[in-house]
Amino acid sequence: MSTLTIRNLHVSIEGKEILKGLNLEIKAGEIHAIMGPNGTGKSTLAYALMGHPSYEITDGEITFDGENMLELDVDERSRAGLFLAFQYPVSIPGVTVANFLRTALNARRRAENPEDKGISILDFRKTLKEKMDLLKMDHAFAGRYLNDGFSGGEKKRAEILQMATLKPKIAVLDETDSGLDIDALRIVSDGVNALAGDDLGVVVITHYQRLLNHIKPQFVHIMFDGRIVESAGPELALRLEEQGYDWVREKYAEAVAA
Amino acid sequence: MTKTNTKVRSKRYTASPTFGFTEEMLNAPSDSPLGSYRNSAWSAFKESAMPTTKDEAWRRTDLRKIPFDSFQLPEADAFNELAPVPEALLSPLVGDQHGGQITLLAGGSKVSLAPEIAKKGVVFTDFKTAEKEHPELLAKLIGNVVRAEDGKFAALTAALSQNGVLLYVPRGVQVEEPLHSVLWGAGENLAHLSHLVIYVDEGASVTYVHEAASPDDSLSMHAGIVEITVSDGANLRFVELQSWGSEIVNFSHERAKIGRDANLDWIFGAVGSRLTKNFSDLDLAGVGSSGRMSGFYFADGEQHLDHDTQQNHLVPNTSSDLLFKGALKENSRSVWQGMVFVAPGAQKTDGYQANRNLILSDTARADSIPGLEISADDVRCSHGTTIGKIDPEPLFYLLSRGIPQEDAERLVVEGFFDPIMQRIPFEGVRNRFQEAIKEKLK
């Protein structure tokens, strides 16, 4: 079973430390939620996991099934089974969703077997249609330019479509609920729930409880000032829903100030 | 071969740029159909100075290091001793088969035309044959659109070109099968001069693909004239591909004159040559005429590609739409200088020009100089130019999906060129450009 282990992770952006010793372990089959006030480093964690060049790891380790992720390039991390659903997916004009996904799938196949000739067009179309149906997407979507002119909901669905097609072992969903209306939220959540299972571990990063009504985590973590400060079951999310983040700030702000 | 090359290269930096051609090389007896044309072109050649960077049109293209004095006209049948045309160049780029094909070679040419097309009165042949079989037609059509006085290289080509294509499509004739010509410029220190005369008569239509290529690493020059007439109500789709070898210096003067309600779809692909200076002018001379110019270029190494375009709206109700897109790698450089000209009284003109460049290295450079000169008041004209690099964020996005760096860059570059591909109705041509992208990104 796949395990992503983060130990004492310190990350800086342009010399400013954002993550200050974060620990977390996620196994395939589990759903974790990471919650916390804005500006506590939730997205930084997501980008650092994926290997964005602007995020400098100054200390700590990230291992995936025992392999040191920090030694892998971004594309290698993806092929190893890590997936990040972006909060703000960028558009790539002139590159269709289908062309992009086929390239990504073939990159995986070639990494396994350099002689691979790539997925057949027929098989690819079939796979893509299945996944689009799962997310209630119009098949014409495949011919559109990636994220180019997509609505907020379309972008998030496209992220989940990629996740469904690339079949990662651990998926990090960064604020996937932001910008979604209730219908889109349900479709996206249903998609994630359909994919979650023994082979996939999910980390849901969110500011709000509402996504967790649809995607039910077994573990909820609160992030504050670059660390995970509280970890518990789903009841922790309910407490945040009722009480907000003030008690977190009160409890841990002193430590920060000190 | 390699030794010759080294010699040539060292020479290149000391030579003065003066042509060694003499009047004796002029094949222009007074009774030949092109006699007077060539003689007057020779006068124009002698009278015109070699362009320098002081000339506005040549400001960004320096010819001083080119050993013009070393270029010789190819002897008759010289091609027999030179590298043969690669088979791949002869296969159709448009559709499954050609209606006709002409191969222009150093000191010779080969022609074929489907009998059913010839039967309709279509002339598609080389100059030598045209001089014998269609002397009056050739004499009537040559020099009407591009004049020898248009520039030093136009004059040179007009005077001395032995190689050329005459395409004449008679009134009302629709040629379904595309016509194809290949100019193969093998050989060292040669001056390949080519002249294309294209005349599509009233209401006729045709698709014509012309490609110029040569082996890598042989230093030679090409100068060409392309003169196009699309008569009233006629339709021409013209694809020009430039895949010259890496050491070729290449010059061309091209002009298309479009009649009433006629249309030209003009596609350019430029991936070859050491240096190219290309003038392409669109004259919208008939009311209701339209022209679209689509350019694809990709330079790498030390390549220098300079494209000069003009969209001349001479009468009312004409439209032009130009899009040139290029990518530049390593130390390459591109220049695009465009002008939309609207003549006095040319109301209801719709003119557009755009040039977009993608810079793939710190040392490549693109110059993009749009221009509008408008002398009518009821017109719609606009232009846009951009010069940019690959954004890191889309790249990161693609990498994060497991796509390796090289493939990710290729996707972004292909995406950049997509608007040009969308304008090309020929799959074979699109595939050729895709291959060029792959090849250049290696």
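Counting restarts for each chain: residues are numbered from 1 in the order of the written sequence. By the order in which they are written, chains take letters starting at A while ligands take numbers starting at 1. Local features in a predicted model are, by the rule used here, given only for residues with pLDDT of at least 70; side-chain atom pairs are given and counted only at 80 or more, and totals for whole chains, interfaces and linings are based on all residues.

**So, the overall build of chain A**
Turning to step 1, where the next piece is worked out: For the purposes of this entry, the term helix denotes a DSSP run of H or I that reaches at least four residues, the term strand denotes a run of E that reaches at least two, and both are numbered from the N terminus. For chain A, the count of helices and strands is eight helices and twelve strands.
Turning to step 2, where the next piece is worked out: Compactness check: chain A gives a C-alpha radius of gyration of 18 Å against a globular reference of 18 Å for 258 residues, within 12% of the reference.
Turning to step 3, where the next piece is worked out: Viewed in the frame of its principal axes, chain A has a C-alpha envelope of about 60 × 40 × 35 Å.
Turning to step 4, where the next piece is worked out: For the exposure call, what matters is how many other C-beta atoms sit within 10 Å of a residue's own: 20 or more marks it buried, 12 or fewer exposed, and in between partly exposed, using C-beta atoms placed from the backbone. For chain A, the proportion of its 258 residues judged to be buried stands at 44%.
Turning to step 5, where the next piece is worked out: In chain A, the proportion of contacts linking residues at least 24 apart, taken out of those at least 6 apart, comes to 72%. The quantity called the radius of gyration is restricted to C-alpha atoms. Its globule counterpart is 2.2 Å times the number of residues to the power 0.38. In this description, a residue-residue contact is defined by the distance between C-beta atoms placed from the backbone, which must lie within 7 Å.

**Examining the interface of chain A and chain B**
It is common to give the size of an interface as the accessible area that goes away when the parts come together.
Turning to step 1, where the next piece is worked out: In this assembly, 20 residues from chain A lie in contact with 19 residues from chain B.
Turning to step 2, where the next piece is worked out: Elements that contribute at least two residues to the side of chain A that touches chain B include exactly helix H2 (74-80), strand S7 (92-96), helix H3 (97-112) and helix H5 (152-166) of chain A.
Turning to step 3, where the next piece is worked out: Ranked by residue count, the leading element in the side of chain A that touches chain B is H3(A), at five residues.

**Details of the domain arrangement of chain A**
Residue and element names in this part refer to chain A.
Turning to step 1, where the next piece is worked out: Per the domain assignment, the segments of chain A are domain 1 (3-89 + 169-257) and domain 2 (90-149).
Turning to step 2, where the next piece is worked out: What fixes the domain bounds is an automatic or database domain assignment. Each of domain 1 and domain 2 was reduced to a C-alpha centroid, and the two centroids are 26 Å apart.
Turning to step 3, where the next piece is worked out: The interface of domain 1 with domain 2 comprises five residues on the first partner and eight residues on the second.
Turning to step 4, where the next piece is worked out: Considering every element that reaches the side of domain 1 that touches domain 2, the biggest residue donor is helix H6 (residues 182-195), with three residues.

**Concerning the nonpolar core**
The tendency in soluble globular proteins is for nonpolar side chains to be buried side by side.
Turning to step 1, where the next piece is worked out: Note on terminology: a nonpolar core is any set of buried Ala, Val, Leu, Ile, Met, Phe, Trp, Tyr and Cys residues joined through C-beta atoms within 7 Å. Val172(A) and Leu167(B) are the most contacted members of the largest nonpolar core, which totals 199 residues.
Turning to step 2, where the next piece is worked out: Counting only domains with at least three residues in this core, you end up with domain 1 (3-89 + 169-257) and domain 2 (90-149) of chain A.
Turning to step 3, where the next piece is worked out: Sequence-distant contacts of Val172(A), defined by excluding residues within four places in its chain, comprise Ala46(A), Leu49(A), Phe83(A), Leu84(A), Ala85(A), Val203(A) and Ile205(A).

**A short note on the pairing of strand S2 (residues 108-113) of chain B**
Residue and element names in this part refer to chain B.
Turning to step 1, where the next piece is worked out: As paired strands, strand S1 (residues 100-105) and S2 are joined by six bridges and run antiparallel to one another. Note that in S2 the partner of Ile102 across the bridge is Val111.
Turning to step 2, where the next piece is worked out: When DSSP finds at least two bridges between two strands, those strands are taken to pair. Between S1 and S2, which pair antiparallel in sequence order, lie two residues; one of them, Gly107, sits at a positive phi of approximately 75°.

**Re helix H10 (residues 427-441) of chain B**
Residues and elements named next belong to chain B.
Turning to step 1, where the next piece is worked out: Expected span, for any helix, means 1.5 Å times one less than how many residues it has. The end-to-end C-alpha distance of H10 is 21 Å, a good match for the 21 Å that 15 residues give at a rise of 1.5 Å each.
Turning to step 2, where the next piece is worked out: Those residues of H10 not exposed but buried are Val429, Arg432, Phe433, Ala436 and Lys440. When H10 is viewed along its axis, its buried side chains cluster within an angular range of 95° and face the same direction. In this structure, H10 carries Glu427, Asn431 and Glu435 as exposed residues pointing more than 90 degrees from its buried face.
Turning to step 3, where the next piece is worked out: Contact partners of the buried residues in H10: strand S9 (235-243), strand S11 (263-270), strand S13 (290-299) and helix H9 (405-421). This arc is taken over the directions from the axis of the helix to the C-beta atoms.

**Concerning the sheet that holds strand S4 (residues 55-64) of chain A**
Residues and elements named next belong to chain A.
Turning to step 1, where the next piece is worked out: Taken together, four strands build an open sheet; the order of strands is S2-S1-S4-S5 and the sheet is antiparallel. Looking at strand neighbours, the two that pair on one side only are strand S2 (16-27) and strand S5 (67-68), the edges of this open sheet.
Turning to step 2, where the next piece is worked out: Summarising the sheet, S4 and S5 pair through two bridges and their orientation is antiparallel. Its bridge partner lying in S5, Phe64 is registered against Glu67.

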